[in-house]
Amino acid sequence: MPETSVAHFYDELADDYHLIYSDWGASIRRQGDALDALIGQDRATVLDCSCGIGTQAIGLALRGHRVTGTDLSPRAAARAAREAARQSLSLFTAAADMRRLPFPDGQFDAVVCADNSLPHLLTEQDVHAALAEMRRVLRPAGLLLVSTRPYDDLLRDRPASTPPQVHQAANGGERTVTFQLWHWHDDGEHYDLEHFQLLPAGGEWRVKVRRTTYWALGQDRLADLAAEAGFVDPGWRMPQETGFFQPLLVARASK
């Protein structure tokens, strides 16, 4: 999928992205705590190279880390900076492609690429390019944290949809419903996603639909690509172990 269409998907979603969570603020804190425990050092310099509207980046900044956020979507990155400022946090953000990161070599202690962002890249060549850039901007032995959907299970079952998620506004306010339809390609690995949001509108429902494409990248294959890009000891940590909501590939940059 052309990068402009991925950027468009998230530009369109940026204002409503928090509505996919039942409680976005609680998710920020919970995800930040889980990633902080994996980073395991105080005031690390962290790049979140798929920061979206700031869920992980703000969570890590709340834990005292020095976080930079980039995202393919200019609107999402700008919102992340605004949301951080509302909490009096310092978060520099910019629009950038993870395959071409605008930073010098060896700048960061850790790189985070969370929330199933890497599988927007649809070929091994593009995934390798992104991982090589993450490796480049990490210091020697720096930490890589990549989260994806549990694709080993999903490739076995090939679901057609996700369960609805309900967000309720504060103090028992109006509810928003989010769900996805998945359309699997003939290769059995890629799928087109239709992202539905049902928003209350004066007693009726207003429907927003946004579309994008993913590669259901299995865990062994992604670990192999990380090793080819210069990471050592890549391994997967599961949600029941980390407290993070998705499986996490954890690896170190080669020295």
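Everything numeric in this text was worked out from a predicted model, so none of it was measured.

1. Here's the deal with the overall build of the protein chain
Right, on to step 1. From N to C terminus, the protein chain includes eight helices and eleven strands.
Right, on to step 2. Taken over the C-alpha trace, the protein chain has a radius of gyration of 18 Å; the compact-globule value for 255 residues is 18 Å, and the two agree within 12%.
Right, on to step 3. In terms of principal-axis extent, the alpha carbons of the protein chain reach across some 60 × 50 × 35 Å.
Right, on to step 4. The proportion of buried residues among the 255 residues of the protein chain is 55%.

2. Description of the pattern of salt bridges
Right, on to step 1. All chains considered together, the criterion is met by 18 salt bridges.
Right, on to step 2. The partner of lysine 208 in a salt bridge is aspartate 16, with the nearest N and O atoms 2.8 Å apart. Pair noted here: lysine 208 is in strand S9 (residues 204-215) and aspartate 16 is in the loop between helix H1 (3-13) and helix H2 (24-39), with a separation of 192 residues, a long-range link.
Right, on to step 3. With a relative accessible area of 27%, lysine 208 lands in the partly exposed category.

3. Structural notes on helix H4 (residues 74-86)
Right, on to step 1. Compared with an ideal rise of 1.5 Å per residue, which puts 13 residues at 18 Å, H4 spans 19 Å between its outermost C-alpha atoms and is within 8% of the ideal.
Right, on to step 2. The first or second residue beyond H4 is serine 88, which carries a positive phi of 55 degrees.

4. Digging into the sheet that holds strand S6 (residues 165-168)
Right, on to step 1. Reading across the sheet, the four strands line up as S6-S7-S8-S9 and stay open at both edges, with antiparallel pairing between neighbours. At either end of the open sheet lies a strand with only one pairing partner, and these are S6 and S9. Pairs of neighbouring strands in the sheet enclose a mean axial angle of 20 degrees, with direction left out of account.
Right, on to step 2. As judged from the four bridges shared by S6 and strand S7 (residues 175-184), these two strands associate in the antiparallel manner. From the neighbouring strand, histidine 167 faces S7, where its bridge partner is threonine 176.

5. Observations regarding the packing of helix H5 (residues 124-137) against helix H7 (residues 219-228)
Right, on to step 1. Following both chains from N to C, one finds H5 and H7 inclined at 55 degrees, their axes separated by 9 Å at the closest point. The pairing of H5 with H7 is recorded here as oblique in orientation. Of the two possible hands of crossing, H5 and H7 adopt the one that is right-handed. Counting all contacts with H5, which are made through Glu124, Val127, His128 and Leu131, the residues of H7 involved are Arg221, Leu222, Leu225, Ala226 and Glu228.
Right, on to step 2. Residue composition of the contact of H5 with H7, by class: five nonpolar, one polar and three charged.

6. Quick look at unusual backbone geometry
Right, on to step 1. Unlike most non-glycine residues, arginine 43 shows phi in positive territory, near 50 degrees.
Right, on to step 2. Locating arginine 43 in the fold gives a position in the loop between H2 and strand S1 (45-48).
Right, on to step 3. For aspartate 115, which is not glycine, the phi dihedral falls at a positive 65 degrees.
Right, on to step 4. Checked against the element boundaries, aspartate 115 lands in the loop between strand S4 (108-113) and H5.

7. Considering the packing of aromatic side chains
Right, on to step 1. A complete count under the given rule lists eleven aromatic pairs for this structure.
Right, on to step 2. Relative to tyrosine 191, the ring of tryptophan 182 has its centre 4.4 Å away and its plane inclined at 25 degrees; by these criteria the two rings are stacked. Comparing tryptophan 182 with tyrosine 191, the two get one shared label, buried.
Right, on to step 3. Positioned above the aromatic ring of tyrosine 214, the side-chain terminus of arginine 149 is 5.1 Å from the ring centre.
Right, on to step 4. The lysine or arginine in question, arginine 158, covers the ring of tryptophan 184, its NZ or CZ lying 5.8 Å from the ring centre.

The rules behind these values
- Note on numbering: residues in each chain are counted from 1, in written sequence order.
- Restriction of local features to residues with pLDDT of at least 70 applies here, the model being predicted, together with a cutoff of 80 or more for giving and counting side-chain atom pairs; totals for whole chains, interfaces and linings are based on all residues.
- The basis for every side-chain value is the complete set of non-hydrogen atoms in the structure, without hydrogens or water.
- Numbering goes from the N terminus for both helices and strands, where a helix is a DSSP run of H or I of at least four residues and a strand is a run of E of at least two.
- Just to be clear, the radius of gyration here is over C-alpha atoms, and the globule rule we use is 2.2 Å times residues to the power 0.38.
- We call a residue buried when its accessible area falls under 20% of the maximum for its residue type, exposed when it is over 50%, and partly exposed in between, using a 1.4 Å probe and counting protein chains only.
- Each salt bridge in this description consists of a side-chain nitrogen of Lys or Arg and a carboxyl oxygen of Asp or Glu lying within 4 Å of one another.
- A helix is expected to span 1.5 Å multiplied by its residue count minus one.
- By the convention used here, strands pair only if DSSP detects at least 2 bridges between them.
- For helices, the fitted line uses only the C-alpha atoms of the stretch in contact; every axis is such a line through C-alpha atoms, and the angle between N-to-C directions lies from 0 to 180 degrees.
- Orientation categories follow fixed angle ranges, with anything under 35 degrees roughly parallel, anything over 145 roughly antiparallel, 65 to 115 roughly perpendicular, and all other angles oblique.
- Helix crossings fall into two classes, left-handed where the near helix is turned counterclockwise from the far one by less than a right angle and right-handed where it is turned clockwise.
- Residue contacts follow a heavy-atom distance rule, with two residues in contact if any of their heavy atoms lie within 4.5 Å.
- Classification convention: Asp, Glu, Lys, Arg as charged; Ala, Val, Leu, Ile, Met, Phe, Trp, Tyr, Cys, Pro as nonpolar; all other residues, Gly among them, as polar.
- Only Phe, Tyr and Trp rings are paired, with Trp represented by its six-membered ring, and only when their centres lie within 6.5 Å; those with planes under 30 degrees apart are stacked, over 60 edge-to-face, the remainder tilted.
- A positively charged side chain is recorded as over a ring if its NZ (Lys) or CZ (Arg) lies within 6 Å of the ring centre. The angle to the ring normal must also be within 35 degrees.

Worth remembering: the numbers are spatial, not functional.
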